[in-house]
Amino acid sequence: MIGILGGTFDPIHHGHLRLALEMSERLGLEKVHLIVSANPPHRQMPQTPAEMRFEMVKLAIKNEKTLIADDREIKRNRPSYTVETLLEMREEFGKELPICLILGMDAFFGLPTWFEWEKLLDLTHLIITQRPEINQTFSKPLQKLLEKHQTYNMDKIKEKSMGYILFEAMPMLAISATQIRQCFLEKKNPHYLLPESVLKFISQQGLYNVC
Ligand code: ATP
């Protein structure tokens, strides 16, 4: 069973790394692919070139066997549609291997705007990293999706290779890439928000105007 955590990783930080690692432990994932989004259709172009963001992911997870830096969306050179990534991964790993796409609640709310989103559950499970609040209302399309696919039983995701939605709450570290970029901008101390190896690379390359 493998997991996927997609992101712009501009830059990668300890929030991403703890999320990937804790999810792998909780769900029993053999590997988690950190897929660098080259050309995200839903947000502004990241300020750092994709190759540099990928280099930072590689440095951050060096020696961590469960995590894989994955550049397939960079190599594609088109908008980074998740459905295409999953199709490609199914070609590589086959239909039997359970795949868990890890998503924050924000991303889940936006799901109906994703390219060919109706096909996602035919390719993967969705693991949403927050629990819905009591009486939370989802849009009609999401309600329908949940009626069909939601499970409360974590063991289910091992039984099938795709098709379940599971809410699995994870404590979030109060770190974001936006906060780190702001920290660089204001010349504040970024230590302990992200790995030292990544900080060193940022300073060597002069990223985020750091020298
Ligand atoms: P930005 O601040 O630029 O929007 P970000 O820090 O949210 O970036 P992304 O690359 O957009 O990072 O995030 C990739 C994934 O990691 C998303 O699913 C996001 O919800 C999750 N994530 C980001 N920060 C944390 C955190 N501190 N704890 C847990 N999950 C996180």
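Residues numbered from 1 in each chain as written. Predicted model: local features only at pLDDT ≥ 70, side-chain atom pairs only at ≥ 80, totals over all residues. Heavy atoms only, no water.

A. Seen up close, the overall build of the chain. From N to C terminus, the chain includes nine helices and six strands. With the C-alpha coordinates aligned to their principal axes, the bounding extent of the chain is approximately 50 × 40 × 30 Å. For the chain, the proportion of its 211 residues judged to be buried stands at 51%. Contacts in the chain between residues far apart in sequence, at least 24 positions, make up 74% of those at least 6 positions apart. (Helix = DSSP H or I, 4+ residues; strand = E, 2+ residues; numbered from the N terminus. Buried < 20%, exposed > 50% of the residue type's maximum accessible area, 1.4 Å probe, protein only. Contact = heavy atoms within 4.5 Å.)

B. Summary view of the sheet that holds strand S6 (residues 165–167). Taken in spatial order, the six strands line up as S3-S2-S1-S4-S5-S6 in an open sheet, and their pairing is parallel. One side of each edge strand has no neighbouring strand; the edge strands of this open sheet are strand S3 (67–70) and S6. For this sheet, the mean inter-axis angle between neighbouring strands, taken without regard to orientation, is 25 degrees. (Pairing = 2+ DSSP bridges. Axes fitted to C-alpha atoms, helices over the stretch in contact; angles between N-to-C directions.)

C. Representation of the side chain of Glu-168 in the model. Within the element layout of this structure, Glu-168 appears in the loop between S6 and helix H8 (177–185). Engagement of the side chain of Glu-168 in a polar contact is seen with the side chain of Arg-26, the distance being 3.0 Å. (Polar contact = N/O pair within 3.5 Å; in protein donor to acceptor, adjacent residues only side chain to side chain.)

D. Structural detail: the site of the ligand. In the region of the ligand, 18 residues are neighbours, and His-13, His-16, Leu-173, Ala-177 and Thr-178 sit closest. Taking His-16, its side chain carries an N or O atom lying 2.8 Å from an oxygen atom of the ligand. Between an oxygen atom of the ligand and a main-chain N or O atom of Ala-177, the distance comes to 2.8 Å. For the ligand, the protein covers 82% of the area, taking 610 Å² as the surface of the free molecule. Broken down by secondary-structure element, the contributors of at least two residues to the shell around the ligand are strand S1 (2–7), helix H1 (14–27) and H8. (Near = heavy atom within 4 Å. Areas by Shrake-Rupley, 256 points an atom, 1.4 Å probe, with all protein chains shown as cover.)

E. Region of interest: the packing of helix H2 (residues 50–60) against helix H9 (residues 196–205). Close contact between H2 and H9 brings their axes to 8 Å; oriented N to C, the two are set at 145 degrees. The two elements H2 and H9 cross, and the hand of that crossing is right-handed. Across the interface between the two elements, Met-52, Glu-55, Met-56, Leu-59 and Ala-60 from H2 touch Ser-197, Val-198, Phe-201, Ile-202 and Gln-205 from H9. Of the residues that constitute the contact of H2 with H9, the class distribution is seven nonpolar, two polar and one charged. (Left-handed = near helix turned anticlockwise from the far one by under 90°. Nonpolar A, V, L, I, M, F, W, Y, C, P; charged D, E, K, R; others polar.)

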